[in-house]
Amino acid sequence: MKKSLFIFLFGIFSAVTAVAQETVVKGSVTEAISFEPIPSVTVTVEGTVLSVETDSKGEFQFLEEIPFGEQVLHISKSGYISKRYPIVVNQGQTVNITDMTLTKDVSDTDMFTITLSDDELDSDDSGMDNISGLLQSSKDIFQRTAAYEFSSSFFKVRGLDSENGSVLINGIEMNKLYDGRPQWSDWGGLNDVLRNQELTTGLQPSSYNFGGVLGTTNMIVRASQYREGGRITYSSSNRSYTNRIMGSYSSGLLDGGWAYTIMAGRRWGNEGYQDGTLYDANSFFASVEKVINEKHSLNFTSIYTPNRRGKSSPNTQEVYDLRDTRYNEYWGWFDGEKKNSRIKEVEEPIIMLNHYWDINSKTSLNTNIGYQFGKIGNSRLDYSGGANPSPAYYQQLPSYSLARPDGPDYAQAYIDEQEFINNGQIDWDRIFDANITNNDPTNEDNYGAYVLYEDRSDDKQVTVNSIFNTEINENILINAAVTYKNLKSENFGEIIDLLGSTTGYLNVDSFDGFQYDYQNPNRVLGEGDKFRYNYNINSDVISGYAQAQFKYNKVDFYVSGSVTNTTYQRDGLWENEAYIGNSAGKGEKLSFTGIGAKGGLTYKITGKHLIDVNAGYITKAPSIRNSYSNSRENNSTVEGLTEEKITSGDISYIFRSPIIKAKLTGFYSKIEDANEISFYYADGLTNIGVENADGININETTAFVQEVLQGVDKQHIGAELGIEAQVTPTIKLKGAASVGQYTYQNNPNLYLTASSFGRSETFTSNLKDYKVAGGPQQAFSVGFEYRDPNYWFFGATANFFSNTYVDVSPLTRTENFYLDNDGLPFNNYDEDVANQLLKQEEFDDYMVVNLTGGKSWKIGDYYIGFFASVNNLLDKVYKTGGFEQGRNANYEELLADNNNPKRVFGSKYWYGRGTTYFLNVNFRF
């Protein structure tokens with residue numbers, strides 16, 4: 001009896017003790033400013049499948065047993081910015097976190113992405129391609145700062161162009177095969193429907209593709225993924241457009257498994273910040289999804305964003321001094337309106353069909369087919385029978401009169417100065433008068449002297465891919481994909497306006513007298529006819545990648561590999577007289593095999609302290625643009641063409657606490673065997689070493705040349721820092737910095753081609769240690785945000801930029817620069833003077849102050865939001881980029897130009913904008 005009683009009492013004691021020693025993890029979540037409890041917040045233990053939701057009081061408690069040791073709680077809810085909280089779980093103890101807070105996500109108010117993708121980012125002008133992964137909504141403070149604060153200075157993340165990152169829509173890659181870059185305007189103005197994004201930075205693993213060294217951004221446009229409701233937005237600005245209106249509506253998932261999202265928008269303005277830059281863009285979007293059953297779903301998406309915008313010109317400092325930094329040489333008055341001669345028009349609809357198959361709870365297969373077609377056109381004036389119509393043509397500027405060989409002509413220089421100041425725009429009336437005069441039927445040569453034509457690229461591209469994801473177990477995830485692309489690109493010039501001529505325009509090169517279409521000599525063209533060149537580019541790309549991700553308590557790591565086969569072939573439809581036998585018909589079929597391998601790991605020192613390491617090696621095909629020396633005229637490919645090679649790595653220290661988040665990254669990238677193609681008019685080609693038909697060495701001193709720079713090696717090394725601190729529930733401090741050094745690492749080969757002399761000998765261009773141009777190499781930002789409990793906010797940042805360099809001319813860094821026709825150095829050559837002439841120009845440092853603010857109101861079930869921003873508050877004048885003109889190709893030419901009172905062929909620059917504003921009002925229902 002005593003024994004039984006003892007056993008019974010021992011059992012009760014053990015049960016009570018077990019209950020007393022039970023491990024408990026619980027807490028609560030409140031709104032960061034008002035401290036009101038937030039229900040339905042998802043609380044997850046990272047690295048596990050354990051998850052709970054907060055109740056109506058904002059409280060939660062895990063019923064399952066949580067692994068002991070250091071863990072991280074991830075708290076999230078739609079409409080709020082997610083947070084991570086490190087905890088330590090010990091056996092038999094209670095972890096009670098009652099101070100967790102979430103902050104409302106105000107990015108939904110169009111705070112930033114409204115204007116950036118509508119800017120000059122899709123320009124084909126040098127120096128304009130600046131932001132990679134612009135549409136990022138990353139929670140990384142550095143990435144946000146790079147996109148939202150540094151963009152106006154044409155800052156490039158890690159000094160790299162956007163072809164090093166991948167932009168996808170519903171898993172289909174949007175980067176162009178022509179140059180590897182995304183065409184931002186193909187989805188411009190669709191901000192409301194492009195907010196749902198999955199992105200990676202750097203070499204980090206993506207579930208969709210292998211990616212590049214700048215990461216992957218996938219914009220998800222599945223109809224069922226949008227929140228039910230609508231939005232109407234109106235915006236006003238003085239940046240790229242002056243007005244914008246947008247409307248969107250999402251049905252949510254309806255009975256029967258249907259869902260749809262639609263959107264329409266318009267952006268317009270007669271003139272942006274730069275003179276004469278019209279903007280005319282419409283945007284249409286529709287996505288319809290049918291959820292067939294719990295395993296299968298079909299989604300159809302269509303995107304159509306036709307847009308036209310006037311370009312602005314880079315100018316010499318002389319031009320800016322005579323006018324101002326808004327000056328644009330491409331326009332002139334016509335019928336009382338500003339008519340821009342250089343219009344970029346993009347009209348490339350996108351349609352896609354996506355099939356989603358959830359094979360089981362851990363395995364999925366996503367199969368996509370996309371078709372993109374349409375045109376990209378860039379207009380310009382041709383003047384075979386007239387004078388150069390550019391108002392900033394060098395012979396019409398004061399510097400030309402001051403640089404005359406017999407001495408400065410000050411009187412003419414003053415006349416030129418006043419004429420340019422008062423009438424320095426395109427004279428459309430004179431152009432029309434010249435063409436009308438040439439209409440005289442008694443004149444034997446009565447064809448148009450001027451014509452407006454368009455450089456056209458009409459692409460038809462089909463992309464098919466399948467993306468496979470499976471979770472082997474709670475620690476191992478496998479990703480894989482295969483992709484096929486087929487491109488047919490039709491390229492031609494097209495006459496769009498005869499400018500008053502009724503007799504047509506000759507399809508002949510007025511400079512050299514060559515027939516553009518040798519089989520149809522002296523053809524007279526009208527509006528809508530093809531002009532100057534006509535050829536197709538056909539391309540096929542087959543790629544595949546596989547990736548394994550491993551997640552454990554202390555370390556996560558991944559390995560990934562890819563292989564890609566790319567082919568290009570030019571098919572000339574016209575025989576160019578300058579290249580008979582090498583312009584019509586199909587050229588050599590180019591084939592490239594690219595491979596990629598990367599891996600990385602994240603070591604969790606504690607829940608607050610992490611180390612992240614990534615490294616990769618990628619070989620990839622050169623772009624179409626850099627594979628042909630002059631595809632408009634002939635089938636010639638770049639000699640010694642091979643895959644471009646990229647070695648890249650980074651290491652980061654990450655600190656995350658409820659108050660402070662910081663990330664410090666060191667990065668390194670080496671690019672090898674790259675090619676660069678340039679086109680310009682050169683004087684002083686004293687040593688090109690060309691033989692004529694009789695085998696006699698001749699030296700063309702002046703020609704329009706194609707410069708082929710091959711085997712270029714570049715090194716990008718530096719560090720990035722992003723830090724933010726929630727010092728009070730209403731005040732957040734933030735800072736970011738990028739310190740880099742981007743340099744040429746070798747002396748690549750260079751040769752020239754031209755219709756007048758064929759091909760030059762191969763030179764060595766001494767570029768080693770010159771800086772790679774493309775925005776500031778050092779950028780810093782400090783700022784704050786204040787968010788009031790009554791849902792208004794205000795923020796300010798100060799941004800500092802330095803180490804911005806002009807793009808140097810490779811030809812002047814070859815022996816052609818210092819050798820005379822006899823192969824010996826110029827008699828007056830002075831090495832010290834030459835070094836000074838060839839010193840790379842560095843722009844002045846500068847600071848830009850930006851302000852943002854806004855407020856939101858809830859009226860019943862509706863929301864009204866207002867947002868305003870002012871950029872460059874202090875109206876700072878600064879250069880964002882520029883390039884040396886290649887006109888002065890040798891020492892004597894360049895020295896003479898530098899000794900002039902004003903340089904005739906000085907570098908051309910882009911300036912940043914002065915003070916600009918953006919206002920935005922939206923109504924959400």
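The rules we used
Residues numbered from 1 in each chain as written. Predicted model: local features only at pLDDT ≥ 70, side-chain atom pairs only at ≥ 80, totals over all residues. Heavy atoms only, no water. Patch = residues over 30% accessible without salt bridge, like charges linked within 9 Å, V, L, I, M, F, W, Y side chains within 5 Å. Areas by Shrake-Rupley, 256 points an atom, 1.4 Å probe, with all protein chains shown as cover. Salt bridge = Lys/Arg side-chain N within 4 Å of Asp/Glu carboxyl O. Lys, Arg positive; Asp, Glu negative; His and termini not counted. Charge placed at Lys NZ, Arg CZ, Asp CG, Glu CD. Buried < 20%, exposed > 50% of the residue type's maximum accessible area, 1.4 Å probe, protein only. Helix = DSSP H or I, 4+ residues; strand = E, 2+ residues; numbered from the N terminus. Polar contact = N/O pair within 3.5 Å; in protein donor to acceptor, adjacent residues only side chain to side chain. Arc of directions from axis to C-beta. Contact = heavy atoms within 4.5 Å. Pairing = 2+ DSSP bridges. Axes fitted to C-alpha atoms, helices over the stretch in contact; angles between N-to-C directions. pLDDT = per-residue confidence, 0-100. Phe/Tyr/Trp six-rings, centres within 6.5 Å; stacked < 30°, edge-to-face > 60°. Lys NZ or Arg CZ within 6 Å of the ring centre and 35° of its normal.

As a further point, take a negative patch on the surface. Side chains of Asp335, Glu337, Glu419, Asp427, Asp429 and Asp433 sit close together on the surface and give a patch of like negative charge. For Glu337, a relative accessible area of 57% corresponds to the exposed category.

Summed over all chains, the structure comprises 38 salt bridges. Among the salt bridges present, the one from Asp458 reaches Arg456, with a minimum N-O distance of 2.7 Å. Overall, Asp458 belongs to the buried group, its relative accessible area being 12%. Salt bridges sharing common partners tie together Lys156, Asp161, Glu163 and Arg181.

A contiguous nonpolar surface patch, about 880 Å² in accessible area, is contributed by Ile232, Trp857, Ile859, Tyr862, Phe866, Tyr917, Leu919, Val921, Phe923 and Phe925. Elements with a minimum of two residues in the nonpolar patch: β45 (846-859), β46 (862-871) and β49 (916-924). The element that contributes the greatest number of residues to the nonpolar patch is β49, accounting for four residues. Note on placement: Tyr917 falls in strand β49. Since its relative accessible area comes to 31%, Tyr917 is described here as partly exposed.

In this section: helix α3 (residues 141-148). Because each turn of an α-helix spans 3.6 residues, side chains separated by three or four positions in sequence point in the same direction. For α3, a buried count of seven out of eight residues is recorded, marking the element as mostly surrounded by other parts of the structure. Turning to α3, its buried residues are Ile141, Phe142, Gln143, Thr145, Ala146, Ala147 and Tyr148. Among the residues of α3, the N-terminal cap falls to Asp140, whose side-chain oxygen and the backbone nitrogen of Phe142 are separated by 2.8 Å.

Where helix α9 (residues 891-898) is concerned, the buried positions are Tyr891, Leu894, Leu895 and Asp897. One side of α9 holds all its buried residues, which, seen down the axis, span an arc of 165°. The elements touched by buried residues of α9 are α8 (831-837). At the N-terminal boundary of α9, the capping side chain belongs to Asn890, with an oxygen 3.2 Å from the backbone nitrogen of Glu892.

The next subject is the pairing of strand β13 (residues 229-237). Among the nine residues in β13, seven count as buried, and that is most of the element. With eight bridges connecting them, β13 and strand β14 (residues 243-250) associate as antiparallel partners. By the bridge assignment for β14, Ser236 is matched with Asn243. Turn length for the β13-β14 hairpin, with the two strands adjacent in sequence and antiparallel, is five residues. Strand direction decides the pairing type here: β13 and β49, joined by seven bridges, are antiparallel. Bridging from a neighbouring strand, Thr233 pairs with Asn922 of β49.

Turning our eyes to something else, we now look at the sheet that holds strand β5 (residues 69-76). Strand order across the open sheet formed by four strands is β3-β2-β5-β7, with antiparallel pairing between neighbours. Looking at strand neighbours, the two that pair on one side only are β3 (51-53) and β7 (83-89), the edges of this open sheet. The sheet shows a mean angle of 25° between the axes of neighbouring strands, taken without regard to direction. Taken together, the three bridges between strand β2 (residues 42-45) and β3 define a ladder with antiparallel strand orientation. Counted as the bridge partner of Thr44 is Ser51 from β3.

The residue Arg158 is not glycine, and still its phi comes out positive at about 55°. Along the chain, Arg158 falls in the loop between α3 and β9 (166-169). Of the residues examined, Arg158 reaches a relative accessible area of 10% and is grouped as buried. Of note, Asp769 is a non-glycine position whose phi angle comes to about 80°, a positive value. One can find Asp769 in the loop between β42 (763-764) and β43 (778-787).

Now for the pairing of strand β15 (residues 258-269). Only one face of β15 is buried: it carries Ala259, Thr261, Met263, Gly265, Arg267 and Gly269, and the other face, with Trp258, Tyr260, Ile262, Ala264, Arg266 and Trp268, is open. Where β14 meets β15, eight bridges bridge the pair, whose relative direction is antiparallel. Along β15, the bridge assignment pairs Ser250 with Thr261. Here β15 pairs with strand β16 (residues 279-291) via 12 bridges, running antiparallel. Within β16, the position partnered with Ala264 by the bridge is Phe284.

Residues with a pLDDT of 70 or more make up 92% of the chain, whose mean pLDDT is 90. Note that pLDDT drops below 50 for residues 5-20; the model gives that stretch one contact with residues more than four away or on any other chain.

Looking now at the sheet that holds β9. The strand order across the open sheet formed by four strands is β10-β9-β12-β11, and the pairing between neighbours is mixed. Strands at the two margins of the open sheet, each flanked by one partner only, are β10 (172-173) and β11 (197-200). Bridging between β9 and strand β12 (residues 216-219) involves four bridges; their strand directions are parallel. The residue bridging Ser166 from the neighbouring strand is Thr216, located in β12.

The next subject is the side chain of Ser627. When you line up the elements, Ser627 lands in the loop between β33 (609-620) and β34 (644-656). Residue Ser627 is classed as buried on the basis of its relative accessible area, which comes to 0%. Beyond its immediate chain neighbours, meaning those up to four positions away, Ser627 contacts Tyr568, Leu590, Pro622, Thr637, Val638 and Leu641.

This paragraph deals with the packing of aromatic side chains. Under the counting rule described, the total for this entry stands at 36 aromatic pairs. With centroids separated by 5.8 Å and ring planes inclined at 45°, the aromatic side chains of Tyr818 and Tyr829 adopt a geometry described as tilted. Remark: Tyr829 occurs in the loop between β44 (792-802) and α8 and Tyr818 occurs in the loop between β44 and α8; sequence separation between them is 11 residues. Note on Tyr818: relative accessible area 31%, which makes it partly exposed. Given a relative accessible area of 29%, Tyr829 falls into the partly exposed group. Here the aromatic cluster, defined as three or more aromatic residues joined through ring pairs, consists of Phe150, Phe155, Phe801, Tyr846 and Tyr878. Stacked on the ring of Tyr273, the Lys or Arg Arg326 has its end atom at 3.8 Å from the ring centre.

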